[in-house]
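Breakdown of the fold
What follows is the residue order along each chain.
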Amino acid sequence: MIDSHAHIDTKAFNDDRNAMLQRAWDAGVEAIVVPDIEPSRREHLKQVVDADPRLFRGVGVHPHHVGEITASDLQDVEAQSSEPKVVAIGEIGLDYYYDFCPPDVQQWAFREQLRIAKRRGLPVIIHNRESDADLLSILDSEQDGSLRGVLHCFSSGTPELRRALELGMHVSFTGNITFKNSTLEAVVSEVPLDRFMIETDSPYITPVPHRGKRNEPSYVGLVAHKIAEIKHMSVEEIITLSTTTARRLFALGMALLAITTAAIAQPTPPRDEDYPNDYDWEIALESYYADSVAYERWIKPRSLGVGFSVGSNTQVESQTFRQQYESAYEHNGSILRSEPTRWTFFDKDQGPNRSFSFEGLIAYGATLTYGLSTRFVVEGTYLYSQNTGPAEDFGLDPITTNIVELAVL
């Protein structure tokens, strides 16, 4: 399971954050996306997420706090969006329920952050409370084919669901669908199987039967159970579908592989109790700092890419041929006509040389790319093509071509 939205960086988890996370992993949660709320909390959020390879974060400013930001804060959102564990721009959006910020300011900040997401190629995590019309209108005007994201804690009706889906958005459901007074059963029933995710929105909106207590990611399975009940499907199917959608939207598949692999080599600070001699501890500490610099520069940014290559190939064959003629004769031996019939292959120097070009051949293969750092990438490509033209036209063996290309970027 993936908890696609949980605020585990909040003060509610300061006393037992590690224990809470362990309960989540034990419950089958494999990754958690932690949205950003405001600039003043961002550094703490980053520290929490960087402490575990299964945690990822968004970067953005919640509508409750956009009245406090400046253009430089938006520049920082865009700058941090390139960091390895940032998988989305968010939590952003509109909230007309509370009067924390004028609607026009919220709309300005929402548009600006949507545009950051489009420039950076990242999905958006959208907050929407009592602002359906304006929020969908802004999404409509900003959708240029590259905007994608999720309306988290979706609580609107089926007309809004259909419009959001038309605009290329996903939705995610949280503990409110388990409440007795929930009005979302029709929405859950209608949502396509590849356009929804599950979340807790921890520490808020705790699902039944834990309502009234602090919410946490280990409860996300209860949301999956309720969706399965409404859709008349198995819980395993709902978990598989929502997990696949979250991996795809947030590009978590390769990120989990790369970060988990890198974390194996991540340096850990020396413990004072392991070094009775202060001098030895200082040497170990200096080594840790040096290793950390090397890790951040060379290990952490590494990534592996695999792709397929398809293209066209033109081959030119040069062979020696002699032209055969078929002639008709009169009774006195004079030639009435002489017509070429075919080209016949002969050994070298036994006839004129001709070149034949065979165009439109398909070459296909694979490419492997390995990023040693953010600035140094090596790439290898293998291509294969076979020219059957000589066999078809002249009775010669097909000619196979193998191409290996190496590049440094």
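Structure shown above.
Summary of the structure given here. (Residues numbered from 1 in each chain as written. Predicted model: local features only at pLDDT ≥ 70, side-chain atom pairs only at ≥ 80, totals over all residues. Heavy atoms only, no water.)

**Observations concerning the overall build of the protein chain**
Within the protein chain one finds twelve helices and 13 strands. The proportion of buried residues among the 409 residues of the protein chain is 42%. The contacts of the protein chain with a sequence gap of at least 6 include a subset with a gap of at least 24, amounting to 68%. When the accessible surface of the protein chain is split by element, carbon and sulfur atoms take 51% of a total near 21600 Å². (Helix = DSSP H or I, 4+ residues; strand = E, 2+ residues; numbered from the N terminus. Buried < 20%, exposed > 50% of the residue type's maximum accessible area, 1.4 Å probe, protein only. Contact = heavy atoms within 4.5 Å. Areas by Shrake-Rupley, 256 points an atom, 1.4 Å probe, with all protein chains shown as cover.)

**A few points about the packing of helix H4 (residues 103-120) against helix H5 (residues 132-142)**
Put simply, H4 and H5 touch, their axes get as near as 11 Å, and they point 35° apart. In this structure, H4 crosses over H5, and the sense of that crossing is right-handed. Here Gln107, Phe110, Arg111, Leu114, Arg115 and Lys118 of H4 lie close against H5, whose contacting residues are Asp134, Leu135, Ile138, Leu139, Ser141 and Glu142. In terms of residue class, the contact of H4 with H5 is built from five nonpolar, two polar and five charged. (Axes fitted to C-alpha atoms, helices over the stretch in contact; angles between N-to-C directions. Left-handed = near helix turned anticlockwise from the far one by under 90°. Nonpolar A, V, L, I, M, F, W, Y, C, P; charged D, E, K, R; others polar.)

**Describing the pairing of strand S5 (residues 124-129)**
Burial of S5 is extensive: five of the six residues sit out of reach of the surface. Where strand S4 (residues 86-95) and S5 come together, five bridges link them in parallel fashion. Counterpart to Leu94 in the pairing with S5 is Asn128. As for the winding sense of the linkage, the β-α-β connection from S4 through H4 to S5 is right-handed. Sheet topology places S5 next to strand S6 (residues 149-151); three bridges connect them, and they run parallel. In the sheet register, Ile126 faces S6, and the bridge partner there is Leu151. In the classification by handedness, the crossover that spans S5, the intervening H5 and the parallel S6 is right-handed. (Pairing = 2+ DSSP bridges. Right-handed = clockwise from strand over helix to strand, strands pointing away.)

**Looking at the environment of Val220**
Along the chain, the position of Val220 falls in helix H8 (residues 220-231). Classification of Val220 as buried rests on a relative accessible area of 0%. Distance in space between the C-alpha atoms of Val220 and Val29 is 8.2 Å, their sequence separation being 191 residues. Discounting residues that sit within four places of it in the chain, Val220 has contacts with Met1, Asp3, Val29, Ile198, Glu199 and Thr200.

**Observations regarding the layout of surface pockets**
Space left empty within the atom packing is revealed by a probe, the size of a water molecule, rolled over the atoms. For the second largest pocket, the calculated volume is near 650 Å³. Lining the second largest pocket are 24 residues, and of these Asp95, His127, Arg129, His152 and Asp201 lie nearest its centre. Split by residue class, the lining of the second largest pocket holds seven nonpolar, ten polar and seven charged. (1 Å grid on protein atoms, 1.4 Å probe; cavity = no way out; pocket = protein on both sides within 12 Å on 5 of 7 lines; lining within 4 Å. Points joined across faces, edges and corners; volume = space filled by probe spheres on them.)

**Some remarks on the sheet that holds strand S8 (residues 196-198)**
Either a parallel or an antiparallel arrangement is found when strands of a sheet pair, and the pairing is made through backbone hydrogen bonds. Strand order in this open sheet of eight strands is S1-S2-S3-S4-S5-S6-S7-S8, and the pairing throughout is parallel. Each end of this open sheet is capped by a strand with a single partner; those strands are strand S1 (2-3) and S8. Sheet analysis places strand S7 (residues 169-173) next to S8, joined by three bridges and oriented parallel. Paired with Ser172 across the bridge in S8 is Met197. Contacts between helix H2 (residues 42-50) and the sheet are confined to strand S2 (31-34) and strand S3 (55-59), with S3 contributing the most and set at about 160° to the helix. H5 rests against S4, S5, S6 and S7 of the sheet, and its axis sits at about 155° to S5.

**Considering H4**
With 18 residues, H4 extends 26 Å between its outermost C-alpha atoms, agreeing within 8% with the 26 Å of an ideal straight helix rising 1.5 Å per residue. By the burial criterion, the buried members of H4 are Gln106, Ala109, Phe110, Gln113, Leu114, Ile116 and Ala117. End-on, the buried residues of H4 take up no more than an arc of 155°, which puts them together on one face. Looking at H4, the residues exposed on the side facing more than 90 degrees away from the buried face are Asp104 and Arg119. Note on H4: the residue one or two positions beyond its end, Gly121, has a positive phi of about 70°. (Expected span 1.5 Å × (residues − 1). Arc of directions from axis to C-beta.)

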